[in-house]
Amino acid sequence: FWEDHIKNLTEYILLDPLSDFEVNYIGAGGAPIETDEGWLIIYHGVCETNIGKTYHAAAALLDLEDPYRGIGRLPYPLFSPSQQWEKEGVVNHVVFPTGSALFGDDLYIYYGAADKHIAVARVSKSQLLSELKKNVTHAFNMSLACTVVNMAATWWHSCSGLISRLAACFIPFSPGPMKNASNW
């Protein structure tokens, strides 16, 4: 299985870097989120700048019935390192989404901040989906194989995704002041 998988690795690519903020690398975030509009993917994109690599949060929307087909993709970061604790740490200039939880229309995106903190950003699912649908793109790699879809199905769950920042959170949760970090 793995030998065949590695020989045909390009068949398993869902997204390739598209915008300037993700020109160097992209990588998966949390599990895909099933919405009425399609599969919402929160991922990270990396660009090399004069201060080194910067990791940004990003979003894409895939067709619900045919996840090989992209619906929309933000041409700018969902959010970027802006707080001091996101800019300075073990690895500087990092927001690295890793999971999410939905409460009503609020999608909470949990992320690593500068490889030193765990933080959360709140996103309006309806506003994010609306923005994604305004940014239709055909720059998706649509060669995703069925085996990847089947493996990802164990990840997919039914929930969903304007951004306001909460301060870094630890257990117990202690949110700081809200910050509007929306790009739209």
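Residues numbered from 1 in each chain as written. Predicted model: local features only at pLDDT ≥ 70, side-chain atom pairs only at ≥ 80, totals over all residues. Heavy atoms only, no water.

1. Brief notes about the overall build of the protein chain
Reasoning step 1: Secondary structure summary: the protein chain contains four helices and 11 strands in total.
Reasoning step 2: Counting the 184 residues in the protein chain, one finds 48% classified as buried.
Reasoning step 3: Only carbon and sulfur atoms are counted for the fraction: they give 56% of the accessible area of the protein chain, which is about 9300 Å². (Helix = DSSP H or I, 4+ residues; strand = E, 2+ residues; numbered from the N terminus. Buried < 20%, exposed > 50% of the residue type's maximum accessible area, 1.4 Å probe, protein only. Areas by Shrake-Rupley, 256 points an atom, 1.4 Å probe, with all protein chains shown as cover.)

2. Observations regarding empty space enclosed by the protein
Reasoning step 1: What the largest cavity holds in volume is close to 40 Å³.
Reasoning step 2: As for the largest cavity, its lining consists of G30, A31, I33, I42, P97, T98, G99, S100 and I109.
Reasoning step 3: Looking at the lining of the largest cavity, the element that brings in the most residues is strand β6 (residues 95-103), giving four residues.
Reasoning step 4: Of the residues that constitute the lining of the largest cavity, the class distribution is five nonpolar, four polar and no charged. (1 Å grid on protein atoms, 1.4 Å probe; cavity = no way out; pocket = protein on both sides within 12 Å on 5 of 7 lines; lining within 4 Å. Points joined across faces, edges and corners; volume = space filled by probe spheres on them. Nonpolar A, V, L, I, M, F, W, Y, C, P; charged D, E, K, R; others polar.)

3. Some remarks on the nonpolar core
Reasoning step 1: Counting residues in each nonpolar core, the largest one holds 22 residues, and the members touching the most others are L40, I42, A59, L78, F79, L128 and L132.
Reasoning step 2: Put simply, the parts of the chain that give this core at least two residues each are β3 (38-49), β4 (52-62), β7 (106-113), β8 (117-124) and α3 (125-134).
Reasoning step 3: Core analysis: the second largest hydrophobic core is formed by nine residues, W39, Y43, A58 and L62 among them. (Core = buried A, V, L, I, M, F, W, Y, C linked by side-chain atoms within 4.5 Å.)

4. Some remarks on the confidence of the model for the protein chain
Reasoning step 1: Counting all residues, the mean pLDDT for the protein chain is 79, and 74% of those residues have values of 70 or more.
Reasoning step 2: Taken as a whole, residues 141-184 scores under 50 in pLDDT and shows 122 contacts with residues more than four places along the chain or in a different chain. (pLDDT = per-residue confidence, 0-100. Contact = heavy atoms within 4.5 Å.)

5. Thoughts on the environment of F103
Reasoning step 1: With respect to the helices and strands, the residue F103 is situated in strand β6.
Reasoning step 2: Between the C-alpha atoms of F103 and K125, which are 22 residues apart in sequence, the distance is 9.8 Å.

6. A look at the environment of K133
Reasoning step 1: Within the element layout of this structure, K133 appears in helix α3.
Reasoning step 2: As for K133 and L74, which are separated by 59 residues in sequence, their C-alpha atoms are 9.1 Å apart.
Reasoning step 3: Once residues lying within four places of it in the same chain are set aside, the contact partners of K133 are E37, L61 and I71.
Reasoning step 4: One polar contact links K133 to E37, side chain to side chain, over a distance of 2.9 Å. (Polar contact = N/O pair within 3.5 Å; in protein donor to acceptor, adjacent residues only side chain to side chain.)

7. Some details on the pattern of salt bridges
Reasoning step 1: Per the counting criterion, the structure on display carries five salt bridges.
Reasoning step 2: Notably, a salt bridge pairs E3 with K7, separated by 3.1 Å at the nearest N-O pair. Taken together, the residues span about one helical turn, with E3 and K7 both in helix α1 (residues 2-7) at a distance of four residues. For the pair E3 and K7, a shared accessibility class is recorded, and that class is exposed.
Reasoning step 3: Where K134 meets E131, a salt bridge forms, and the shortest distance between an N and an O atom there is 3.5 Å. Linking K134 with E131, this pair stays in helix α3, spanning three residues, or about one helical turn.
Reasoning step 4: The exposure class of E131 is buried, given its relative accessible area of 10%. (Salt bridge = Lys/Arg side-chain N within 4 Å of Asp/Glu carboxyl O.)

8. Overview of α3
Structurally, the α-helix is built with 3.6 residues per turn, so residues lying three or four positions apart point the same way.
Reasoning step 1: When we look at burial in α3, the residues that qualify are L128, L129, E131 and L132. Angular distribution of buried residues about the axis of α3 spans 160°; they occupy a single face of the element.
Reasoning step 2: Where the residues of α3 are buried, they touch β2 (33-35), β3, β4, β5 (70-73) and β8. (Arc of directions from axis to C-beta.)

9. A short note on unusual backbone geometry
Reasoning step 1: One non-glycine residue, H93, adopts positive backbone phi at about 60°.
Reasoning step 2: Owing to a relative accessible area of 17%, H93 belongs among the buried residues under this scheme.

10. Overview of the environment of N24
Reasoning step 1: Among the structural elements, N24 can be located in the loop between α1 and β1 (25-28).
Reasoning step 2: Its relative accessible area of 35% is what places N24 among the partly exposed residues.
Reasoning step 3: When the C-alpha atoms of N24 and T54 are compared, they prove to be 9.8 Å apart, with 30 residues separating the residues in sequence.
Reasoning step 4: Setting aside residues up to four positions removed in sequence, N24 forms contacts with V46, C47 and E48.

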